Amino acid sequence: MKGFIVSLRRARDEDLVVTILEERALRSYYRFYGARHSILQLGYLIDYESEEESRYMPRLRRVSHLGFPWLYRRNRLMLWQRFVALFEPHLRDTETLDPFYFRLLLDAARRWDRQNPRRIVCECAHALLDYEGRIHEPTDCYICEKPLGEEIALMQALLPAHPSCIFGSALPREKVEDFFSTGKTTLLDDNEVDYLYSIVGKGF
Ligand SMILES: [Zn+2]
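Residues numbered from 1 in each chain as written. Predicted model: local features only at pLDDT ≥ 70, side-chain atom pairs only at ≥ 80, totals over all residues. Heavy atoms only, no water.

A. Quick look at the packing of aromatic side chains. According to the stated counting rule, one finds 16 aromatic pairs in the structure shown. Seen in terms of ring centroids, Phe179 and Phe180 are 5.9 Å apart; in terms of plane orientation they differ by 90°. Their pairing is edge-to-face. For the pair Phe179 and Phe180, one class covers both residues: buried. The rings of Phe4, Phe68, Trp70, Trp80, Phe83, Phe87, Phe102, Trp112 and Phe204 are connected pair by pair, giving a single aromatic cluster. Taking NZ or CZ as reference, Arg118 lies 5.4 Å from the ring centre of Tyr197, over its face. (Phe/Tyr/Trp six-rings, centres within 6.5 Å; stacked < 30°, edge-to-face > 60°. Buried < 20%, exposed > 50% of the residue type's maximum accessible area, 1.4 Å probe, protein only. Lys NZ or Arg CZ within 6 Å of the ring centre and 35° of its normal.)

B. Seen up close, helix α7 (residues 190-200). Listed in full, the buried residues belonging to α7 are Glu192, Val193, Tyr195, Leu196, Tyr197, Ile199 and Val200. Where α7 is buried, its residues contact α1 (74-84), α4 (117-131), β6 (151-155), β8 (171-172) and α6 (173-182). Where α7 begins, the side chain of Asp189 points an oxygen toward the backbone nitrogen of Asn191, at a separation of 3.0 Å. (Helix = DSSP H or I, 4+ residues; strand = E, 2+ residues; numbered from the N terminus. Contact = heavy atoms within 4.5 Å. Polar contact = N/O pair within 3.5 Å; in protein donor to acceptor, adjacent residues only side chain to side chain.)

C. Structural context of the coordination of the zinc ion. Those protein atoms acting as donors to the zinc ion are Cys141 (SG), Cys144 (SG), His162 (ND1) and Cys165 (SG), and they sit at 2.1 to 2.4 Å. In this structure, the zinc ion is surrounded by 4 donor atoms whose angles at the metal cover 94 to 118°, and the resulting shape is tetrahedral. For the zinc ion, the single-chain donor residues occur in sequence as C-x2-C-x17-H-x2-C. With a relative accessible area of 15%, His162 lands in the buried category. (Donors = N, O, S within 2.8 Å, 3.2 Å for Na, K, Ca; no water. Tetrahedral: all angles 85-135°; square planar, octahedral: opposite > 155°, others 65-115°.)

And the structure:
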């Protein structure tokens, strides 16, 4: 099986509970400590087998790490880990998953060194909300429900609002509209992408 490690928790001693986003599920596995085991890190794409004998949790076996060239670039890896960590709380209570989520991450990982990763994160967040039917079009304010003006602020899950309603900074209306209709950050400059990225970082 293949999957992305979206959470790593210490169990007793040096053992780990590893939560993996697979194509069809988000599952947790137990990993016994072993000096000869490869080191697992948040965000890694791994190939593995599971051993179901444990009543507590399946065990992770025969793990191999499927690398990406950017993994050795510290900043890229840090941004990747921050991004991947958003999926565990979002999908925690789901039993089965559509392959959409795994493919979204795989596609992002493949592009991670060719584009500004913050742009990829913003575009993935839009794709995810769109897939889940949670896009709130930037016409009315989510807080006061009155029409939005020429400056639009965004809240968690890209909910649009008046800057004055959330005491937040904002983006020009036409740029927000373009982002919502295309799902691309093409019209946004890097500072505007940083603003969007800070919103997305609050969670899906
Ligand atoms: Zn408002």
